[in-house]
Amino acid sequence: MPDAEARRRDVEMVKSWIEAAAALGATVVRIFAGLRVPEGGSFERTLEWMVPDIRACVEHGRRHGVIVGLQNHNDFLKTADETIRVVEAVNSEWFGVILDIGSLRQGDPYAEIEKLVPYAVTCS
């Protein structure tokens, strides 16, 4: 989202949930990419906003022993390839995919699952 203050609040919220997860002994916290490309924006520009914010969350997760899992949810990220682009851009062993099998609605769902399995930290 183009609103930097709203993104900052979201990052702080995720960090708080990472701390709660660590206190509870959970090993993974789920995040979502958002509903869509902001009006007047592009997929590429949205990634430019998302990736640094996700990296900040992932680093916080690493410090607390909690993996951050991005759930593909047929919203902003509709395909395995789009989801993989985010995972590879963040580039951390503390970040992966929560494989949402029911949300793979583009193309052959079995092919999409096969692409995402190597990045999965858990599934739904």
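Residues numbered from 1 in each chain as written. Predicted model: local features only at pLDDT ≥ 70, side-chain atom pairs only at ≥ 80, totals over all residues. Heavy atoms only, no water.

*Asks:* Sorry, what's going on with the overall build of the protein here?
*Replies:* When you go through the protein residue by residue, the secondary structure sums to four helices and four strands. Of the regular secondary structure in the protein, the N- to C-terminal order runs α-β-α-β-α-β-α-β. Expected size for 124 residues packed as a compact globule is a radius of gyration near 14 Å; at 14 Å, the protein falls within 12% of this value. Considering the protein as a whole, with its 124 residues, one finds that 40% of them fall into the buried category. Here the analysis covers contacts within the protein between residues at least 6 apart in sequence; of these, 76% occur between residues at least 24 apart. Positive and negative side-chain charges in the protein, numbering 14 and 19 respectively, have mean positions lying 4 Å apart. (Helix = DSSP H or I, 4+ residues; strand = E, 2+ residues; numbered from the N terminus. Rg over C-alpha atoms; globule rule 2.2 N^0.38 Å. Buried < 20%, exposed > 50% of the residue type's maximum accessible area, 1.4 Å probe, protein only. Contact = heavy atoms within 4.5 Å. Lys, Arg positive; Asp, Glu negative; His and termini not counted. Charge placed at Lys NZ, Arg CZ, Asp CG, Glu CD.)

*Asks:* Mind showing me how you'd approach the pattern of salt bridges here?
*Replies:* Once their charged atoms are close, side chains differing in charge can pair, the charge on each being opposite to the other. Taken as a whole and assessed by the stated rule, the structure comprises 10 salt bridges. In this structure, Glu48 and Arg45 form a salt bridge, with 2.9 Å as the shortest nitrogen-oxygen distance. Remark: Arg45 and Glu48 occur in helix H2 (residues 43-64); sequence separation between them is three residues, near one turn of the helix. Linking Lys115 and Glu112 is a salt bridge whose minimum nitrogen-to-oxygen distance equals 4.0 Å. Of this pair, Lys115 and Glu112 are both found in helix H4 (residues 109-116), three residues apart, which corresponds to roughly one turn of the helix. Taken together, the shared-partner salt bridges connect Glu5, Arg8 and Arg9 into one network. (Salt bridge = Lys/Arg side-chain N within 4 Å of Asp/Glu carboxyl O.)

Geometry only, nothing functional implied.
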